[in-house]
Amino acid sequence: QQGLISFPFSIRLPSWENSHADAALSERHSRCDASECLCPGGREQAEEEGPWHLLLCCSCAAEGTHRRCSCLTNSTASWECDSCAGLGTGKGQSTRVPLGWGQGPGKACQ
């Protein structure tokens, strides 16, 4: 008979399966990050369409803006934050919103 070799192993779930951090990763960004949020309901309010629809950055999804807070039209479907647009990896090359106006970061994506 051959000798048995045993390897220690754990039946525990990996730490990321039990972590509260996992819940945070599955949450969608849900606030307006414009330097001056103009929404009467505040940064946390978002509507399905219109000026208070919350757009997330089309590159990173880590920042958001209400359409009106970044001077975007109601037909604008995507937006890119300044962080991504400034890296040279941004998808959009159109309408940039001046930060000096207090209307928030970013530019529209194509």
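Residues numbered from 1 in each chain as written. Predicted model: local features only at pLDDT ≥ 70, side-chain atom pairs only at ≥ 80, totals over all residues. Heavy atoms only, no water.

Draft legend 1. Spotlight on the overall build of the chain. Secondary structure summary: the chain contains three helices and four strands in total. Secondary structure of the chain in N-to-C order comes out as α-α-β-β-β-α-β. Of the contacts formed within the chain by residues at least 6 apart in sequence, a portion of 41% connects residues at least 24 apart. When the accessible surface of the chain is totalled, it reaches about 7,700 Å², and 53% of it is carbon and sulfur. (Helix = DSSP H or I, 4+ residues; strand = E, 2+ residues; numbered from the N terminus. Contact = heavy atoms within 4.5 Å. Areas by Shrake-Rupley, 256 points an atom, 1.4 Å probe, with all protein chains shown as cover.)

Draft legend 2. Molecular detail of the environment of Glu36. Tracing the backbone shows Glu36 in the loop between helix H2 (20-25) and strand S1 (54-56). Along the backbone, Glu36 and Cys69 are 33 residues apart, and their C-alpha atoms lie at a distance of 7.0 Å.

Draft legend 3. The arrangement of the nonpolar core in detail. Grouped together as the largest cluster of nonpolar side chains are eight residues: Cys32, Ala34, Cys37, Cys39, Trp52, Leu54, Leu56 and Cys69. Judged by nonpolar contacts, the second largest core, of six residues, contains Leu55, Cys57, Cys81 and Cys84. (Core = buried A, V, L, I, M, F, W, Y, C linked by side-chain atoms within 4.5 Å. Buried < 20%, exposed > 50% of the residue type's maximum accessible area, 1.4 Å probe, protein only.)

Draft legend 4. The arrangement of the environment of Ser30 in detail. Note that Ser30 resides in the loop between H2 and S1. Counting along the chain gives 26 residues from Ser30 to Leu56, while the straight-line C-alpha distance between them is 8.4 Å. Excluding residues within four positions of it along the chain, Ser30 makes contact with Arg43, Glu44 and Leu54.

Draft legend 5. Focus on the pattern of salt bridges. Under the criterion given, the structure shown has two salt bridges. Measuring nitrogen to oxygen at the nearest pair gives 3.4 Å for the salt bridge that ties Arg31 to Asp33. Given a relative accessible area of 32%, Arg31 falls into the partly exposed group. Between Arg31 and Glu44 there is a salt bridge, with its nearest N and O atoms 3.2 Å apart. Of this pair, Arg31 sits in the loop between H2 and S1 while Glu44 is found in the loop between H2 and S1, placing the two residues 13 residues apart along the sequence. Each of Arg31, Asp33 and Glu44 takes part in a single network of salt bridges with overlapping partners. (Salt bridge = Lys/Arg side-chain N within 4 Å of Asp/Glu carboxyl O.)

Draft legend 6. Expanded view of the environment of His66. Along the chain, His66 falls in strand S2 (residues 64-66). Measuring from C-alpha to C-alpha, the distance between His66 and Gly50 comes to 9.1 Å, with 16 residues separating the pair along the chain. If near-sequence neighbours (up to four positions away) are discounted, His66 is found in contact with Cys32, Cys37, Cys39, Gly42, Arg43, Gln45, Ala46, Pro51, Trp52, His53 and Leu54.

Draft legend 7. Spatial organisation of the confidence of the model for the chain. Within the chain, residue pLDDT values average 75, and 59% of them lie at 70 or more. In this model, residues 89-110 is a region of pLDDT below 50 whose contacts with residues beyond four sequence positions or in other chains number 66 contacts. (pLDDT = per-residue confidence, 0-100.)

Draft legend 8. Spotlight on the side chain of Arg67. By the element assignment, Arg67 lies in the loop between S2 and strand S3 (79-80). The charged side chain of Arg67 is buried without a salt bridge, its nearest counter-charge being Glu49 at 7.2 Å. (Lys, Arg positive; Asp, Glu negative; His and termini not counted.)

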